Amino acid sequence: MPSDSAAQPADAPAADLAARAAELRERLAYHAQRYYVQDAPEIPDAEYDRMFAELQAIEAAHPELLTSDSPTQRVIGRVLDGFAPVRHVVPMLSIRTETDTTPGGAIAFDARVRRELELPADAPALAYAAELKFDGLAINLRYEHGVLLQAATRGDGETGEDVTQNVRTIGQIPLRLLGTAPPLIEIRGEVYMRRDDFERLNERQRERGGKTFINPRNTAAGAIRQLDPKALADKKLSFFAYGLGDLQGWAQPDTHSATLDAIAAFGLPVCAERAVVQGADGLVAFHTEMGAKRDALPFDIDGVVYKVDSIALQKRLGFVTREPRWAVAHKYPAQEQITRLNAIEIQVGRTGKLTPVAKLEPVFVGGTTVSNATLHNLFELRRKGVRIGDTVIVRRAGDVIPEVVGRVPGARAGYVPNFRMPRACPVCGSRVLREKGGIDHRCTGGLFCAAQRKQAILHFAGRRAMDIEGLGDKLVDQLVEGALIRTLPDLYQLANEDGMARLAALDRMADKSARNIVDALEASKRTTLARFVYALGIRQVGEATARDLAKHFGSLDRIMDASLEQLLEVRDVGPIVAQSIHTFFEQPHNREVVEQLRASGIAWDEHEGAADAAPQPLSGRVFVLTGSLPTLTRDAAKAMIEAAGGKVAGSVSKKTHFVVAGADAGSKLDKAHTLGVEVIGEAELLAMLEEAGAGGSSS
Ligand code: IVH
């Protein structure tokens, strides 16, 4: 990265200003990639903002210096009349879909490819690039001399729509490529919305009583095709590259997998969950492995994609109509299904909120059988117009609670009354109230209500919070009903001798089980700040917000003492969330709970925030680059090593761990041999980064 030279006053000589503007653009592009793609910023946000403001000032005073790749141009544009058609130079194909979700689908594909290549039965296994099938919208990004000039949807494959203005607002998509870019390259991939961004969006909508969105895919696709860019502002979109389109003046690597590495080195996000596998067995293993990981991914996938890795073989295989013979999509069970709504019950949550829960005709969705799904609140239920007996759409994706997202239109058999909220809490009988102008109905019982006490404890102990293993529904019921626990800190009292005895007395629990709970309580004390903040169950503070708070403030005391203004500076924290956090820590009894929990030995590393953002598998390793690498520019290789925590030094010494050598390597290579330093090539470097999961993904 260019070093930070002094700011130029906006009335400095024109040549100096032009140079300064170019430097700022380059530095801002670099730091935007660190921030959006690698999730590993090197500089504080304030420093980025300062450079941004300086560039804006120069461009305002000298409009002739403005360029289309300037980060200042990622702004919300004007309302469009329509999208101009874009004819794809290289058609955007679709892939043949293998609907057999068993391993059979992978085996059939491998057999077909081998047959079409006329390989003898004893020929060695073929290498395949295995990837995820992202569930979003296909986009073609056209870069000329490294500058993003056009973004287009797939359309019918021949002609798409020009959505450049909207795509430019996606922070993960570079307006200028890193390193040395070819005269022309089209990069193809999927615009999608992460599940947490989708949940956040819907939570905000619910908060305002607005319309909620069905799923991340439709939301992302809808957002990109919005004529009014303001409608895009609250929808955070992401991108994964998976291939190429038109190309000039670039020697494409020999394999698809190496092409993706090169695309990552240009600064585009490429998903790290990919592999080069051998033969049908390798495909089956990948399908199984990703199927097991699917729920834990931060975004929806509807399957995996297999591609013959060798570009030469891809060319030999060619196409049938609009589908390449060298690729196939292998599906997973759908995350949305329809079923019958049998009844609606009320559940009382941790904050007293009454949630209507749909009792469903059991249905297999997202890989498990679902018979309960949330309907969120009365208003959403009414807006969706669901009534008992209806056929409804259920969505279950990842760890998110299954939900009813809508009803399938159709006639009802006779009159079905509209659902009503009860006036008294079904658990404790306290009055149910709805705040003036609010959406939610709440039980007014507070901690008198056993349901609220139980839910607060279950939330605290949850896997994504303090992760107290074994503290499940049934035990919490017993603990609350047996009056062993009234407040959260009481939980850790169970870890002392007396508590252990009381636990063991519960329903004649075996000593061993009681011991396990005590051990789990002890183990849970070592946690992270983000988990602890999430575990407290502050209204409006989900996992993502808790993480943002931990990252931003770095210490619990600073979060507790933050003013409203300071809270509003946190990414994605708006007035409602800020108010809720502030109010929570204003209450003396909440502070007391926090102090008691800390006194019981709960601890975390302060300032953990940035460290847990990206894995640092090469940390402490020193690399020296020499010669020209086959696909990576020196800057790209350096950026990738540093992103994984490694260091790049200028000269070889005994402290060097690896010398990465390319063509025409000179004296540095000789020195490495003299000192006995390990010499590796680009492929080995990429393998190291890949193994470390640092292949340029933001996931
Ligand atoms: S490759 C010639 N790779 O699936 C092959 N497509 O029918 C071109 N998709 O809408 C596509 N993940 O947007 C490819 N890893 C992946 C993909 C992927 C999702 C989408 C693509 C298109 C559809 C293909």
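Above this note sits the structure.
Please read these numbers as outputs of a predicted model, since none were measured by experiment. (Residues numbered from 1 in each chain as written. Predicted model: local features only at pLDDT ≥ 70, side-chain atom pairs only at ≥ 80, totals over all residues. Heavy atoms only, no water.)

**Student:** If you had to explain the packing of aromatic side chains to someone new, which residues and values would you point to?
**Tutor:** Within the structure shown, the criterion is met by 14 aromatic pairs. Arranged with centres 6.3 Å apart and planes meeting at 25°, the rings of Tyr 48 and Phe 52 form a pair that is stacked. Here the residue Tyr 48 and the residue Phe 52 both occupy positions in helix H2 (residues 45-61), the gap between them amounting to 4 residues, near one helical turn. Counting every residue linked through ring pairs, the aromatic cluster contains Phe 134, Tyr 192, Phe 240 and Phe 299. (Phe/Tyr/Trp six-rings, centres within 6.5 Å; stacked < 30°, edge-to-face > 60°. Helix = DSSP H or I, 4+ residues; strand = E, 2+ residues; numbered from the N terminus.)

**Student:** Provide a residue-level description of the site of the ligand, including the pertinent values.
**Tutor:** With respect to spatial proximity, 13 residues lie near the ligand, and among them Ile 95, Glu 131, Leu 132, Glu 190 and Tyr 242 are the closest. Here a nitrogen atom of the ligand and a side-chain polar atom of Lys 307 are 3.0 Å apart. Of all elements in the fold, only strand S3 (127-134) and strand S10 (301-308) reach the threshold of two or more residues within the shell around the ligand. The biggest single contributor to the shell around the ligand is S3, with 4 residues. For the shell around the ligand, the per-class residue count stands at 8 nonpolar, 1 polar and 4 charged. (Near = heavy atom within 4 Å. Polar contact = N/O pair within 3.5 Å; in protein donor to acceptor, adjacent residues only side chain to side chain. Nonpolar A, V, L, I, M, F, W, Y, C, P; charged D, E, K, R; others polar.)

**Student:** I'd love a proper account of the packing of helix H11 (residues 450-461) against helix H12 (residues 473-481), names of residues and values included.
**Tutor:** For the pair H11 and H12, the least separation of the axes is 10 Å and the interaxial angle reads 130°. The orientation of H11 with respect to H12, classified from their angle, is oblique. As for how H11 packs across H12, the hand of that crossing is right-handed. Touching Ala 450, Arg 453, Lys 454, Ile 457 and Leu 458 of H11 are Asp 473, Val 476, Asp 477, Val 480 and Glu 481, all from H12. (Axes fitted to C-alpha atoms, helices over the stretch in contact; angles between N-to-C directions. Parallel < 35°, antiparallel > 145°, perpendicular 65-115°, else oblique. Left-handed = near helix turned anticlockwise from the far one by under 90°. Contact = heavy atoms within 4.5 Å.)

**Student:** I'd like to hear about unusual backbone geometry, residue by residue, with values.
**Tutor:** If you check the backbone angles, Glu 118 has positive phi at about 55° while not being a glycine. Relative to the helices and strands, Glu 118 resides in the loop between helix H3 (104-116) and S3. The exposure class assigned to Glu 118 is exposed, which follows from its relative accessible area of 70%. Even without being glycine, His 145 reaches a positive phi, approximately 50°. Along the chain, the position of His 145 falls in the loop between strand S4 (137-144) and strand S5 (147-153). (Buried < 20%, exposed > 50% of the residue type's maximum accessible area, 1.4 Å probe, protein only.)

**Student:** Tell me about helix H24 (residues 682-691), and name the residues and values.
**Tutor:** All of the buried residues in H24 are Glu 682, Leu 685, Leu 686 and Leu 689. Looking down the long axis of H24, one finds its buried residues gathered within 95° of arc, a one-sided arrangement. In this structure, H24 carries Ala 683 and Glu 691 as exposed residues pointing more than 90 degrees from its buried face. On its buried side, H24 packs onto helix H7 (256-265), strand S21 (622-626), helix H22 (634-643), strand S23 (658-661) and strand S24 (678-680). (Arc of directions from axis to C-beta.)

**Student:** Provide a residue-level description of the environment of His 459, including the pertinent values.
**Tutor:** Here His 459 is to be found in helix H11. Sequence separation of His 459 and Lys 359 is 100 residues, and the distance between their C-alpha atoms is 22 Å. Excluding anything up to four places from it in sequence, His 459 contacts Arg 350, Ala 465, Tyr 534, Ala 535 and Gly 537.

**Student:** Residues and numbers for the nonpolar core, please.
**Tutor:** If you look at the biggest cluster of nonpolar residues, it comprises 58 residues, and the most contacted ones within it are Phe 460, Ile 468, Leu 491 and Leu 503. Looking at this core, the element that brings in the most residues is helix H16 (residues 529-535), giving 6 residues. Beyond its immediate sequence surroundings of up to four residues, Leu 491 is in contact with Ile 457, Phe 460, Ile 468, Leu 471, Ile 485 and Leu 521. Ranked by size, the runner-up nonpolar core spans 35 residues in total, among them Leu 141, Val 167, Ile 187 and Phe 239. (Core = buried A, V, L, I, M, F, W, Y, C linked by side-chain atoms within 4.5 Å.)

**Student:** An account of the sheet that holds S10 is needed here, citing residue identities and associated values.
**Tutor:** Taken in spatial order, the 5 strands make up an open sheet running S2-S13-S10-S3-S9, and their pairing is mixed. Each edge of the open sheet carries a strand with a single partner, namely strand S2 (96-98) and strand S9 (275-278). Within the sheet, the average angular offset between the axes of one strand and its neighbour, ignoring direction, is 35°. Summarising the sheet, S3 and S10 pair through 7 bridges and their orientation is antiparallel. Pairing of Glu 131 across the sheet is with Val 305, part of S10. (Pairing = 2+ DSSP bridges.)

**Student:** Any chance you could break down the sheet that holds S23 for me, citing the residues and the numbers?
**Tutor:** Read from one edge of the open sheet, 4 strands run S22-S21-S23-S24, paired in parallel fashion. Two strands lie at the open edges of the sheet, namely strand S22 (647-649) and S24, each paired on one side alone. Direction aside, neighbouring strands of the sheet carry axes that sit 35° apart on average. Note that S23 and S24 share 3 bridges and pair parallel. Within S24, the position partnered with Phe 658 by the bridge is Glu 678.

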